[in-house]
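What the coordinates show
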Amino acid sequence: MARPCNKTQILKVRTYLNRAESLVDKLGIVLRLPYLYPFDILGLALVSKVFALSKACVKLVALNFPDEAFGLSRSIVECATILRYLTAEPAVQDGRSRDFAKFAMADKAFWAHYALKHSIGPDKELEIRRYMEQEGIVADTKPARRHWSGEEGFVWKASLLDHPLDGTRTEMHRKAEYAVNYYYASQFVHCSSLAIDSYCPDEATPFCVAPSSGLRKTGNSTLFAVIVSAHSSIGYALFGMNIDLPPKLNATCQKTLERLV
């Protein structure tokens with residue numbers, strides 16, 4: 001059976017998330033006009049999503065589902081990477097934000113295709129076509145299979161982009177972070193051999209559904225990924241809105257990471 005993460009470590013991460021949320025809330029951010037500053041609504045929505053995912057990951061670790069938590073943590077990395085890409089070049093931030101938002105039409109086009117294929121009767125098909133015309137939707141499954149940014153290998157490329165917030169983090173640091181927090185976590189998203197190693201049955205005994213053996217020790221990896229990616233997400237979002245990161249937040253993050261080692 002998997003060995004649970006130290007309860008003290010889990011408490012430290014929860015404490016960081018609570019303090020970070022409180023500090024962000026106290027900033028009293030008010031959205032600027034969305035048609036002029038499309039990033040604001042996207043950036044803040046991603047920050048809220050990051051907090052929800054982070055709390056879910058910590059809860060899974062606390063309940064002794066470390067591998068599952070680690071797989072979910074990749075979604076936090078993706079949120080942080082999207083924010084990094086959107087804000088890496090201020091001159092194109094609004095354009096990239098609009099590209100992100102407009103990609104919702106690709107999803108509608110995808111489902112419109114299947115709605116027409118499986119519509120029951122001419123009346124239902126007519127209703128669907130009227131909705132499509134009203135919304136400007138053209139049924140097509142291909143756009144949804146492409147990434148909204150137009151980049152292949154988006155996370156890898158966005159990780160290698162230079163960003164004004166990188167500071168002393170070199171390309172080598174960013175590659176290492178990608179390897180652990182995204183590539184490795186992806187194995188648990190896609191249920192590769194690494195992801196099922198902790199569930200391999202014993203050859204000598206009759207099979208029974210069993211909990212994770214904890215072979216991969218992913219609990220601590222999850223907690224580190226949560227702190228690093230959540231903190232980065234907040235930093236990128238605030239940077240995109242020309243808001244300084246509260247000094248207390250940097251100090252809290254650094255102290256938490258040091259105590260997790």
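Residues numbered from 1 in each chain as written. Predicted model: local features only at pLDDT ≥ 70, side-chain atom pairs only at ≥ 80, totals over all residues. Heavy atoms only, no water.

We now examine unusual backbone geometry. Positive phi outside glycine occurs at asparagine 64, with the angle close to 75°. Note on placement: asparagine 64 falls in the loop between helix 2 (38-62) and helix 3 (66-87). When its relative accessible area of 15% is taken as the criterion, asparagine 64 is described as buried. Residue asparagine 242 is not a glycine yet carries a positive backbone phi of 60°. Residue asparagine 242 is classed as exposed on the basis of its relative accessible area of 68%. (Helix = DSSP H or I, 4+ residues; strand = E, 2+ residues; numbered from the N terminus. Buried < 20%, exposed > 50% of the residue type's maximum accessible area, 1.4 Å probe, protein only.)

Following both chains from N to C, one finds helix 1 (residues 7-26) and helix 11 (residues 247-260) inclined at 175°, their axes separated by 10 Å at the closest point. As the angle between them shows, helix 1 and helix 11 are arranged roughly antiparallel. Every residue of helix 11 that contacts helix 1 at Gln9, Lys12, Val13, Tyr16, Arg19, Ala20 and Leu23 is listed here: Lys248, Leu249, Thr252, Cys253, Thr256, Arg259 and Leu260. Grouping the amino acids of the contact of helix 1 with helix 11 by side-chain chemistry returns 7 nonpolar, 3 polar and 4 charged. (Axes fitted to C-alpha atoms, helices over the stretch in contact; angles between N-to-C directions. Parallel < 35°, antiparallel > 145°, perpendicular 65-115°, else oblique. Contact = heavy atoms within 4.5 Å. Nonpolar A, V, L, I, M, F, W, Y, C, P; charged D, E, K, R; others polar.)

Next up on the list: helix 8 (residues 171-189). Note on helix geometry: an α-helix contains 3.6 residues per turn, so any two residues three or four positions apart are oriented the same way. Between its first and last C-alpha, helix 8 extends 25 Å over 19 residues, near the 27 Å set by a 1.5 Å rise per residue. Alanine 179 marks the point of greatest bend in helix 8, at about 35°. By the burial criterion, the buried members of helix 8 are Arg174, Tyr178, Asn181, Tyr182, Ala185, Ser186, Gln187 and Phe188. Considering only its buried residues, helix 8 is in contact with helix 3, helix 7 (154-160), helix 9 (193-196) and helix 10 (218-240). Positive backbone phi, at 55°, marks cysteine 191, one or two positions downstream of helix 8. (Expected span 1.5 Å × (residues − 1). Bend = angle between axes of the 7 residues up to and from the residue.)

Reported here for the largest pocket is a volume of approximately 600 Å³. Lining the largest pocket are 24 residues, and of these Leu165, Arg169, His231, Ser232 and Asn250 lie nearest its centre. A total of 10 residues in the lining of the largest pocket trace back to one element, the largest contributor, which is helix 10. The residue makeup of the lining of the largest pocket, split by class, is 12 nonpolar, 7 polar and 5 charged. (1 Å grid on protein atoms, 1.4 Å probe; cavity = no way out; pocket = protein on both sides within 12 Å on 5 of 7 lines; lining within 4 Å. Points joined across faces, edges and corners; volume = space filled by probe spheres on them.)

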